[in-house]
Amino acid sequence: MSASVDEPDLVEREPPPPPRRRVRWGWIVFTLVVTAMVILAILFRWDWLRGPLARYLSGRLHRPVEITGHLHVHPWSWTPEATVSGVVIGNAPWAGKTPLASLPRFTIKAKILPLVFHGQLILPFVEADQPRVDLLRDLNGRENWATPRKGPAKPLKLPPIGHLIIRDGDLRYVDEVRKLVFAGTVSSSEEAAGSGRGVFVMDGQGTLNKEPFVAHVRGGALIHVDPNRPYDFQASLKAGPTQARLEGHIDHPFNFAAVSGRGEISGPDLARLYAVTGIAFPDTPPYRLTAGFGRRQQVYALRRIQGRVGGSDLEGALTVDDSTGRMDVTGALSSHRMRMADLVAVVGGSAKHARASELSPLQQAQAAKMKAEHSLLPDVPIHLDRLRSMDADATYSATLVDAGHFPMRDFRMRVRLDHGLLTVDPLSVDISQGRLAGMIRLDGRHAVPVSAIDLRLSNAQLAPLIKAKGPNPPVQASLWARARLEGAGASVRTAAAHANGSVTVVIPSGKLRKLIGNLINFNLDRTAFLLITKNKSDTPIHCAVMDFQARQGVLTIDRGVMDTGEAQITGTGDLSLRDETLDLRFSAKPKKFSIIRLNAPITVKGRLDAPKPGVDIVHAIPQAAGAVALGVVAAPLVAILPFVGPGLAHNADCQALVGAAEAPRGPMRTARH
């Protein structure tokens with residue numbers, strides 16, 4: 001038997017619930033959820049989040065973080081508020097057990113909408129009670145506040161804060177690299193006593209290079225701070241005798257990557273600023289400078305520098321780029337009138353007649369030491385660590401140079417520093433219608449620095465350099481010279497004491513007072529005649545060459561000759577840079593007959609700072625010619641003269657001297673007065 005297809009379903013289906021019943025169940029579920037949330041809110045303790053929050057902060061700061069106090073949160077607002085107590089941020093493992101920071105009580109408010117829709121954190125209110133921060137940088141340059149990063153550290157950038165209150169803050173900073181210890185207090189209030197408006201204050205003191213260090217910083221009210229309007233501040237710093245005052249503003253509070261203003265600084269020596277700035281300024285006399293300053297990210301700029309360093313005026317601009325983590329200084333400085341004594345101080349030297357007020361304490365001590373030691377070469381040690389710490393490329397120029405009775409002008413040099421290699425090239429200055437030019441190099445990349453100089457003096461006129469009464473100077477000639485020396489040592493003195501190379505001085509032509517020529521030649525009868533008749537006639541200088549070879553700080557005359565119309569003078573002897581002494585001897589061979597002539601060499605001996613001329617009377621008897629044959633001295637001139645200056649080998653007078661050396665010599669001619 002088959003079942004019918006249309007057989008009805010024997011199971012009866014339950015009808016759906018009516019609409020009112022569904023709504024009732026919905027309200028029941030909603031009520032249960034709300035009730036559960038209310039019960040949870042009533043029973044929930046925000047302290048339960050202290051552990052997760054501390055672990056989150058530890059991961060972000062790469063430091064252990066503890067929250068030992070309570071956590072209070074008021075979330076039901078467009079600007080939720082949170083207060084946390086007992087926050088302790090641990091230190092780096094190498095920095096000791098003292099916490100990096102501690103916050104006994106900290107309150108913060110944040111705006112929700114900018115954070116949700118734009119990802120921008122804005123804090124309308126921040127309050128901190130008795131915060132303490134201990135910062136440390138050790139001798140290896142490690143910073144206990146730094147977090148692992150790639151590339152150089154970025155400037156501090158805080159989110160916009162509308163109202164900041166700090167009560168009894170305590171800041172300590174120890175920098176073992178720059179020998180700085182600082183302890184200060186930080187506070188801000190809505191209203192300072194008697195001022196009628198809020199202020200930010202940081203006061204502190206400590207030591208910098210074992211000298212007292214004091215800092216005072218004042219800022220505007222930290223209430224209703226607008227991130228789009230500059231925030232003004234003033235600061236005064238004093239480190240021993242160095243003082244600085246700054247007035248500036250943070251372009252967008254509190255983004256410290258954009259700061260600008262103007263400042264004034266004074267002190268006994270620019271080199272002292274290394275401890276504060278990290279820039280290896282040279283040793284200088286006392287200074288007072290003003291400049292505009294600015295910072296954009298890791299680039300610092302000093303603009304419109306004006307002031308004085310010692311007796312020299314100074315102006316220009318410098319830029320310091322720290323974007324790679326290694327400072328690179330570039331810029332241009334200039335003076336209208338530069339005092340040569342100020343430039344000598346850069347290498348540790350001291351002007352002979354400088355007053356104590358014109359010298360820094362270091363230079364005063366150095367000047368006293370050099371005077372006691374009768375030394376002309378300074379022995380101030382070179383700071384190799386500073387040379388290696390930064391790079392530089394800067395120029396300096398001076399229109400006029402105050403160098404006593406030596407007329408000088410148009411001084412120019414370019415200084416480049418590259419990982420300990422210091423090069424001054426080009427270096428030039430105009431001297432008495434001539435020019436001194438060349439280069440100086442200091443290689444500080446080795447354990448013992450190596451210094452080298454290559455300087456040329458061309459066509460300097462001797463007459464303006466010699467103090468003489470009357471319109472006619474006793475010597476009229478051009479001077480050419482070249483010094484090429486290299487030596488190892490940690491100061492100018494030690495480098496000179498190990499110098500190797502050569503120094504050559506040439507007078508290609510000129511005129512010499514006959515009286516002087518005969519005095520040198522010891523022609524007593526001719527000298528008496530000239531004195532009696534007051535004869536001021538000249539004798540020609542055909543050529544003069546003094547060629548020194550330097551070996552381990554001792555310069556020995558290799559070839560020395562001066563050929564005049566009266567005589568040929570040859571020189572021998574040594575000049576020691578080791579003990580700064582000289583022992584030179586000059587002998588004359590007359591060209592004209594003299595009835596009474598004493599054949600005694602002239603000597604110059606003693607210390608470089610006080611040489612003593614004399615006469616070697618032992619060689620006065622017997623009467624004989626003591627000069628070296630002309631050909632022995634003059635023949636090498638063809639090789640020497642191009643070394644000193646291009647074109648000197650073809651000078652007519654020096655070329656004649658070479659020709660005279662090669663020609664056969666006849667008997668001495670007798671000349672009349």
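Residues numbered from 1 in each chain as written. Predicted model: local features only at pLDDT ≥ 70, side-chain atom pairs only at ≥ 80, totals over all residues. Heavy atoms only, no water.

### Quick notes on the overall build of the chain
Looking only at helices and strands, one finds 13 helices and 31 strands in the chain. Going through the 673 residues of the chain one by one, you find that 40% of them count as buried. A sequence separation of at least 24 residues applies to 51% of the contacts in the chain between residues at least 6 apart. Of the roughly 37,900 Å² of accessible surface on the chain, a fraction of 61% belongs to carbon and sulfur atoms. (Helix = DSSP H or I, 4+ residues; strand = E, 2+ residues; numbered from the N terminus. Buried < 20%, exposed > 50% of the residue type's maximum accessible area, 1.4 Å probe, protein only. Contact = heavy atoms within 4.5 Å. Areas by Shrake-Rupley, 256 points an atom, 1.4 Å probe, with all protein chains shown as cover.)

### Some thoughts on helix α2 (residues 50-61)
With 12 residues, α2 ought to run about 16 Å at 1.5 Å a step, and its terminal C-alpha atoms sit 16 Å apart, in line with that. Positive phi appears at H62, one or two residues downstream of α2, with a value of about 55°. (Expected span 1.5 Å × (residues − 1).)

### Quick look at the pattern of salt bridges
Here the idea is simple: oppositely charged side chains can pair when their charged atoms come close. Considering all chains together, one arrives at 28 salt bridges under this definition. When the shortest N-O distance is used, the salt bridge between R167 and E127 registers 2.1 Å. Of the two residues, R167 sits in strand β7 (residues 164-175) while E127 sits in strand β5 (residues 125-129), which places them 40 residues apart along the sequence. The residue E211 makes a salt bridge to R272 at a minimum N-O spacing of 2.8 Å. Taken as a pair, E211 in strand β10 (residues 211-219) and R272 in the loop between β13 (258-267) and α4 (274-277) lie far apart in primary sequence, 61 residues in all. In this structure R272 comes out as partly exposed when scored by relative accessible area, which is 29%. Taken together, the shared-partner salt bridges connect R105, E127, D129 and R167 into one network. (Salt bridge = Lys/Arg side-chain N within 4 Å of Asp/Glu carboxyl O.)

### Some thoughts on helix α6 (residues 361-372)
Each α-helix turn comprises 3.6 residues. Residues three or four places apart therefore point the same way. Here α6 is 12 residues long and its end C-alpha atoms lie 17 Å apart, about the 16 Å a rise of 1.5 Å per residue gives. Regarding α6, the residues found buried are Q363, Q366 and M370. Axial view of α6: buried residues confined to an arc of 60°, hence all on one face. Away from its buried face, by an angle of more than 90 degrees, α6 presents the exposed residues K371 and A372. (Arc of directions from axis to C-beta.)

### A closer look at the confidence of the model for the chain
For the chain, the average pLDDT comes to 79, and 76% of its residues sit at 70 or higher. Put simply, helix α10 (residues 524-533) is where the chain has its lowest mean pLDDT, 42, and strand β16 (residues 312-321) is where it has its highest, 95. The low-confidence segment residues 192-196, where pLDDT is below 50, has 4 contacts with residues more than four positions distant or belonging to other chains. (pLDDT = per-residue confidence, 0-100.)

### So, a nonpolar patch on the surface
On the surface, W78, L113, L115, V116, F117 and L121 cluster together into a nonpolar patch covering about 670 Å² of accessible area. Tracing the sequence through the fold places L113 in helix α3 (residues 112-118). (Patch = residues over 30% accessible without salt bridge, like charges linked within 9 Å, V, L, I, M, F, W, Y side chains within 5 Å.)

### Points about the nonpolar core
With 47 residues, the main nonpolar core has V401 and F411 as its most contacted residues. Ranked by residue count, the leading element in this core is strand β18 (residues 390-402), at 5 residues. Among residues more than four places away in sequence, those in contact with V401 are M338, M340, M408, R409, F411 and V429. Of all hydrophobic cores here, the second largest spans 28 residues; its members include V126, Y173, L222 and A239. (Core = buried A, V, L, I, M, F, W, Y, C linked by side-chain atoms within 4.5 Å.)

### Section: the environment of L171
Structurally, the position occupied by L171 is in strand β7. For the pair formed by L171 and G184, sequence separation is 13 residues and the distance between their alpha carbons is 5.1 Å. Beyond its immediate chain neighbours, meaning those up to four positions away, L171 contacts V133, L135, F182, A183, G184, V186 and M202.

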